[in-house]
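Residues per chain are reported as follows:
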Amino acid sequence: MKTRKVLAYGLPVMKNMSLIAACNKIGAEFRLIKDDEVHKSLGELSKALGFENKGPEQDIPENPGEMMVLAGFEGDQLDEFLAEYRKSGVGPVLYKAMLTEYNVFWSPAFLYEEMVKERKEIESRK
């Protein structure tokens, strides 16, 4: 079984505590991304999928906002984790992503910028 890990950045303390509780409930690891790590690759930070080497770092000037990245979740495990998190009632994390073979070399800052662009694009179509 793959190691399940939740990477979090920019969340209020109560959301981090709720994520930790949900992780503990389902046997996943929690990893807080520090400010000085936002330009490292997601693979390096998670080590969940065997991508421990550094990928190319993107030049993003700002730190990302509130986000979480889920690594190593399969099948119903994601639904189980999110259901546990929702039980806390602290509110959703706006930007969520799964670690994939496509974004594993992206930095959290770059992923965040991509999610913001995607959300704007979707909202402009409404």
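Residues numbered from 1 in each chain as written. Predicted model: local features only at pLDDT ≥ 70, side-chain atom pairs only at ≥ 80, totals over all residues. Heavy atoms only, no water.

Structural notes on helix α3 (residues 77–86)
Part 1: Of all the positions in α3, only Gln77, Phe81, Leu82, Glu84 and Tyr85 are classed as buried. Projection of α3 onto a plane perpendicular to its axis shows the buried side chains occupying an angular sector of 155°, all on one side. For α3, exposure combined with an orientation more than 90 degrees from the buried face picks out Asp79 and Arg86.
Part 2: Where the residues of α3 are buried, they touch β1 (5–9), α1 (13–26), β3 (67–71) and β4 (95–98). (Buried < 20%, exposed > 50% of the residue type's maximum accessible area, 1.4 Å probe, protein only. Helix = DSSP H or I, 4+ residues; strand = E, 2+ residues; numbered from the N terminus. Arc of directions from axis to C-beta. Contact = heavy atoms within 4.5 Å.)

Description of the nonpolar core
A general tendency of soluble globular proteins is for nonpolar side chains to be buried together.
Part 1: Grouped together as the largest cluster of nonpolar side chains are 18 residues, with contacts concentrated most on Met67, Val69 and Leu111.
Part 2: Of all the secondary structure elements, the ones that give two or more residues to this core are β1, α2 (42–46), β3, β4 and α4 (108–124).
Part 3: At five residues, the largest contribution of residues to this core is made by α4.
Part 4: Residues contacting Leu111, with those up to four places away along its chain left out, are Leu42, Met67, Val69, Ala97, Asn103 and Trp106.
Part 5: Membership of the second largest hydrophobic core comes to 15 residues, among which are Leu11, Met68, Leu82 and Tyr85. (Core = buried A, V, L, I, M, F, W, Y, C linked by side-chain atoms within 4.5 Å.)

Regarding the confidence of the model for the chain
Predicted coordinates in regions of low pLDDT should not be interpreted in detail.
Part 1: For the chain, mean pLDDT is 86; residues scoring 70 or higher make up 86% of the total.
Part 2: The secondary structure element of the chain with the lowest average pLDDT is α2, at 88, and the one with the highest is α1, at 96. (pLDDT = per-residue confidence, 0-100.)

Observations regarding the pairing of β1
Successive residues of a regular strand alternate their side chains across the two faces of the sheet.
Part 1: In terms of residue burial, β1 counts as a mostly covered element, since five of its five residues are buried.
Part 2: Burial along β1 is two-sided: the residues Lys5, Leu7 and Tyr9 and Val6 and Ala8 are all buried.
Part 3: In this structure, β1 lies alongside strand β2 (residues 29–32), joined through four bridges in parallel fashion. Considered in β2, the bridge of Ala8 is made with Leu32.
Part 4: For the segment spanning β1, α1 and β2, crossover handedness is right-handed.
Part 5: Note that β1 and β3 share five bridges and pair antiparallel. Residue pairing in the sheet places Val6 in a bridge with Leu70 of β3. (Pairing = 2+ DSSP bridges. Right-handed = clockwise from strand over helix to strand, strands pointing away.)

A word on the pattern of salt bridges
Side-chain pairs of opposite charge can arise where the charged atoms are in close proximity.
Part 1: Within this structure, the stated rule accounts for seven salt bridges.
Part 2: The partner of Glu66 in a salt bridge is Lys15, with the nearest N and O atoms 2.8 Å apart. Of this pair, Glu66 sits in the loop between α2 and β3 while Lys15 is found in helix α1, placing the two residues 51 residues apart along the sequence.
Part 3: Exposure remark for Glu66: the relative accessible area of 23% places this residue in the partly exposed category.
Part 4: Take Lys15: its relative accessible area is 11%, and that puts it in the buried class.
Part 5: Of the charged contacts, one joins Glu84 and Lys87 as a salt bridge, the two residues approaching to 3.0 Å between their closest N and O atoms.
Part 6: The exposure class of Lys87 is exposed, given its relative accessible area of 62%. (Salt bridge = Lys/Arg side-chain N within 4 Å of Asp/Glu carboxyl O.)

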